[in-house]
Amino acid sequence: MELFWNAITTIANSGLFKAGAAAVLAVLQEVSSHPAKSPAVSQWPSIFSGLEVIINRMTLSHRDPGSSTTLYDLLVSLGKGHAANISLADIRMELDYSPGTMLFISGMALEHSVGPWLGG
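Nothing here was measured: the structure is a model prediction, and the numbers come from that model.

Caption draft 1: The arrangement of helix H1 (residues 2-12) in detail. Considered for burial, the residues of H1 that qualify are Trp-5, Asn-6 and Thr-9. Along the axis of H1, the buried residues cluster in a sector spanning 105 degrees; they form a single face. Turned more than 90 degrees from where H1 packs its buried face, Leu-3 and Ile-11 sit exposed. Check the buried side of H1 and you find it contacts helix H2 (14-32), strand S2 (73-76) and strand S6 (102-105).

Caption draft 2: Fine view of the side chain of Ser-77. Tracing the sequence through the fold places Ser-77 in the loop between S2 and strand S3 (82-83). Within polar-contact distance, the side chain of Ser-77 engages the backbone oxygen of Tyr-97 at 3.0 Å. Every residue in contact with Ser-77, bar those within four places of it in the chain, is listed here: His-82, Tyr-97, Ser-98, Pro-99, Gly-100 and Thr-101.

Caption draft 3: Seen up close, unusual backbone geometry. Of note, Arg-92 is a non-glycine position whose phi angle comes to about 50 degrees, a positive value. Looking at the secondary structure, you find Arg-92 in the loop between strand S4 (85-88) and strand S5 (93-96). Of the residues examined, Arg-92 reaches a relative accessible area of 80% and is grouped as exposed.

Rules used throughout
Residues numbered from 1 in each chain as written. Predicted model: local features only at pLDDT ≥ 70, side-chain atom pairs only at ≥ 80, totals over all residues. Heavy atoms only, no water. Buried < 20%, exposed > 50% of the residue type's maximum accessible area, 1.4 Å probe, protein only. Helix = DSSP H or I, 4+ residues; strand = E, 2+ residues; numbered from the N terminus. Arc of directions from axis to C-beta. Contact = heavy atoms within 4.5 Å. Polar contact = N/O pair within 3.5 Å; in protein donor to acceptor, adjacent residues only side chain to side chain.

Have a look at this one:
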């Protein structure tokens, strides 16, 4: 999946892809110089420096403090058969967040939440 999300990021925001790829490359170069290098780091498939998985949970309205206002977070809804919405409070918008939805937002700039879902 990470390679697919990398490809989508290349199309949606090439600057984000380049920044992420450069950051991951810098980490790989740093780690490879250490004798006790981690195989997990050397095989990291994503241009994002971290992944957070939230399973079957509502998320209260929040901003992502470790994020950047100039780069985007990729939010992905996976699974099947559920109906959900994601709310962007700052711009008073509610979007469909059913399975297969991918959304780039500045998680630090935009307050966001996912409410209860039906089914699935």
